[in-house]
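# Descriptive analysis of the structure
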Amino acid sequence: MDPALSRLLRQLPAVDELLRHPRLLSWVEPLPRSWAAAAVRQVLEAQRQSWRSCPPADLPPQLDDDALFRNLQQALDAAGQPSLRQVINATGVIIHTNLGRSLLAVEALEQMLEVAAHYSTLEYDLLKGERGSRQDHLEGLLRELTGCEAALVVNNNAGAVLLALNTLAQGREVIISRGQLVEIGGSFRLPEIMAVSGAILREVGTTNKTHLRDYENAITSETAMLLKVHPSNFRIVGFTKEVDLPDLVALARRYDLPALEDLGSGCLVDLSRYGLEKEPTVQESLAAGADLVLFSGDKLLGGPQAGFALGSREVVARLRQNPLTRALRPDKLTLAGMEATLRLYLEEPRAVAAIPTLHLLTRPLADVERQARNLARTLKRRWGTKIKVEIRPSEARVGGGALPGASLPSRALALEIPPLAPHELEARLRRAHPPIIARLEHGALLLDLRTIQADEHPALLAALGDVMDL
Ligand SMILES: *Cc1c(COP(=O)(O)O)cnc(C)c1O
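Residues numbered from 1 in each chain as written. Predicted model: local features only at pLDDT ≥ 70, side-chain atom pairs only at ≥ 80, totals over all residues. Heavy atoms only, no water.

### Considerations on the environment of R320
Along the chain, the position of R320 falls in helix α13 (residues 313–321). The sequence separation of R320 and L163 amounts to 157 residues, and the corresponding C-alpha distance is 9.3 Å. Beyond its immediate stretch of four places on either side in the chain, R320 contacts Q135, E139, A151, L152 and T325. Among the polar contacts made by the side chain of R320, one reaches the side chain of E139 at a distance of 3.1 Å. (Helix = DSSP H or I, 4+ residues; strand = E, 2+ residues; numbered from the N terminus. Contact = heavy atoms within 4.5 Å. Polar contact = N/O pair within 3.5 Å; in protein donor to acceptor, adjacent residues only side chain to side chain.)

Here's what the structure looks like:
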């Protein structure tokens, strides 16, 4: 072995010594012993590897203590962080599936906390003093808000679709337009859900055009239902046609078949009243006569993760009897958060103000602009010429399979911290406390402010501080 290399290797402290070292104590102490030891070993091994792969002439004369301790502190710190934790969403995608979709209203959080910390009425009827159903907590509210006859809540919308297909169409055919055989993020692919449900897919029409007669021609004694699916994350433009729900419902009635709609997002307010594009609402779908409407709880609705099946008493009763319903049941925290969220919808202005998803979606551009200027000023005041900030027009997105193709006017901070290249800065931001998830666009690093709430500014500044200190 090269003598310079063996000298360096001998200078590396032992694991036990490092675990007791005063410079590491505040990082080591909160960690389980085995985790701290593993993190230290990993850093030491990485250091040995880096020396071994270095040409002997380039080896440093001495171990760089400061660098080693910095690496150790970082590794120990990372080991102490929960895997599932807060990030700052600077992507401008509001319903970001990878970043947790919907943020909950304070009212929902409080209700979840109460139910989590105490025994509750989850399956208990206070009036009768006997067992109740967890499904009873939301049904009245949903009837009032949407006009449905009956409602079932499950774990998510993929579950609701699976349950509906399995209950109503196992071993029989489901007619659906080819243009609606969608794949949605997180590997939800309609043909595959259909296959595991036991239903048989009968696609009609072409990619761009499906006519009412295409459905009608496909109806046989094997047909179990007509299904309409919101295309969610794409849009077919140009020479196109899909059949409207009322026409589909009328056809289904003539053949005594159920018509189902998978709405995806589950919008309860008419977004066109807030200057956004029109997104079909749950109420409209039910009013058009759909026998069952399926949608998510944590997309546009802005509640916790859940799936809804709303519709006629008879169809919902059949779903309830399926043993899959037990396997897909929502937990008490979901139900508590959802009840509080749905209550806000009883007064639409309250819902729009209090539910973060709706608030971020409808906040005026002037508001985002003001936030951008404030933040840019704060950054300049704090870091002067070490940081370059420029306010740029940006396009935020709804995400979550709602309003596909639509963009929302926004403002972004284009950030430079010399000498870091934009992609290096992006990676450093991901390792900050809390991590900041930014956007790289045309070689610039952008922080879109539409998805950053004002109360997150201290956390954002702390995270930027981490990056500046490195
Ligand atoms: C998002 C979506 C689903 C899946 O909903 P989850 O709540 O994510 O399970 C199903 N269908 C459509 C049309 C969707 O947009």
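There's plenty left to go through after this.
### Some details on the packing of aromatic side chains
Enumeration according to the criterion identifies one aromatic pair in this entry. Seen from their ring centres, F295 and F308 are 4.9 Å apart, and the 20° between their planes marks the pair as stacked. Placement of the pair is F295 in strand β12 (residues 292–296) and F308 in strand β13 (residues 307–311), with a sequence separation of 13 residues. F308 carries the same exposure label as F295, and that label is buried. The ring of W383 has R382 sitting right over it, with the charged end atom 5.6 Å from the ring centre. (Phe/Tyr/Trp six-rings, centres within 6.5 Å; stacked < 30°, edge-to-face > 60°. Buried < 20%, exposed > 50% of the residue type's maximum accessible area, 1.4 Å probe, protein only. Lys NZ or Arg CZ within 6 Å of the ring centre and 35° of its normal.)

### So, the site of the ligand
In the vicinity of the ligand there are 13 residues, among which A158, S232, D262, S296 and K299 approach most closely. Measuring from an oxygen atom of the ligand, one finds a side-chain N or O atom of K299 at 2.8 Å. Its free accessible area being 380 Å², the ligand has 95% of it covered by the protein chains. Looking at the shell around the ligand, the elements that each hand over two or more residues are α8 (157–169) and β11 (259–264). (Near = heavy atom within 4 Å. Areas by Shrake-Rupley, 256 points an atom, 1.4 Å probe, with all protein chains shown as cover.)

### Re the domain arrangement of the chain
Often the size quoted for an interface is simply the accessible area lost on bringing the parts together. Looking at the assigned domains, one finds that the chain contains domain 1 (3–79), domain 2 (88–100 + 360–469) and domain 3 (106–351). Using only C-alpha atoms to locate each centre, domain 2 and domain 3 end up separated by 34 Å. Taken together, the contacts link twelve residues of domain 2 with 15 residues of domain 3. Carbon and sulfur atoms supply 71% of the area buried between domain 2 and domain 3, which totals about 1100 Å² over both sides. (Domains from an automatic or database assignment. Buried area = accessible area lost by both parts, 1.4 Å probe.)

### Considering the packing of helix α6 (residues 106–117) against helix α15 (residues 332–344)
One can describe the packing of α6 onto α15 by two numbers: an axis separation of 8 Å at closest approach and a directional angle of 145°. Handedness of the α6/α15 crossing: right-handed. Mapping the contact onto sequence places E107, A108, Q111, M112, V115 and A116 in α6 and K332, L333, A336, G337, A340, T341 and L344 in α15. For the contact of α6 with α15, the class distribution of residues is eight nonpolar, three polar and two charged. (Axes fitted to C-alpha atoms, helices over the stretch in contact; angles between N-to-C directions. Left-handed = near helix turned anticlockwise from the far one by under 90°. Nonpolar A, V, L, I, M, F, W, Y, C, P; charged D, E, K, R; others polar.)

### Observations concerning the sheet that holds strand β6 (residues 173–177)
The strand order across the open sheet formed by seven strands is β5-β13-β12-β11-β10-β6-β9, and the pairing between neighbours is mixed. Single-partner strands in this sheet number two, and they are β5 (150–154) and β9 (200–204). In this sheet, neighbouring strand axes are inclined to one another by 25° on average, regardless of whether the strands run parallel or antiparallel. Note that strand β10 (residues 223–229) and β11 share four bridges and pair parallel. In the sheet register, L227 faces β11, and the bridge partner there is L260. Most of the contacts of α13 go to β5, to which it runs at about 30°, and overall it touches β5, β12 and β13. (Pairing = 2+ DSSP bridges.)

### Observations concerning the side chain of T451
Relative to the helices and strands, T451 is located in the loop between β18 (444–448) and α20 (457–469). Look at T451 and you get buried, because its relative accessible area is 5%. Of the polar contacts made by the side chain of T451, one reaches the backbone nitrogen of G92; its length is 3.2 Å. Every residue in contact with T451, bar those within four places of it in the chain, is listed here: N89, A90, T91, G92, V93, I94, L360 and E456.

### Thoughts on the nonpolar core
The nonpolar side chains of soluble globular proteins are, as a tendency, buried together. Formed by 57 residues in total, the largest nonpolar core has its most connected members in F308, L310, L342, Y345 and L361. Take this core: its biggest share by element is five residues, from helix α11 (residues 245–254). In this structure, this core is formed jointly by two domains, domain 2 (88–100 + 360–469) and domain 3 (106–351), each of which donates at least three residues. Contacts of L342, omitting those with residues within four sequence positions, involve L138, L141, L142, L145, L268 and L301. I176, A199, V229 and L328 belong to the second largest nonpolar core, which has 32 residues in total. (Core = buried A, V, L, I, M, F, W, Y, C linked by side-chain atoms within 4.5 Å.)

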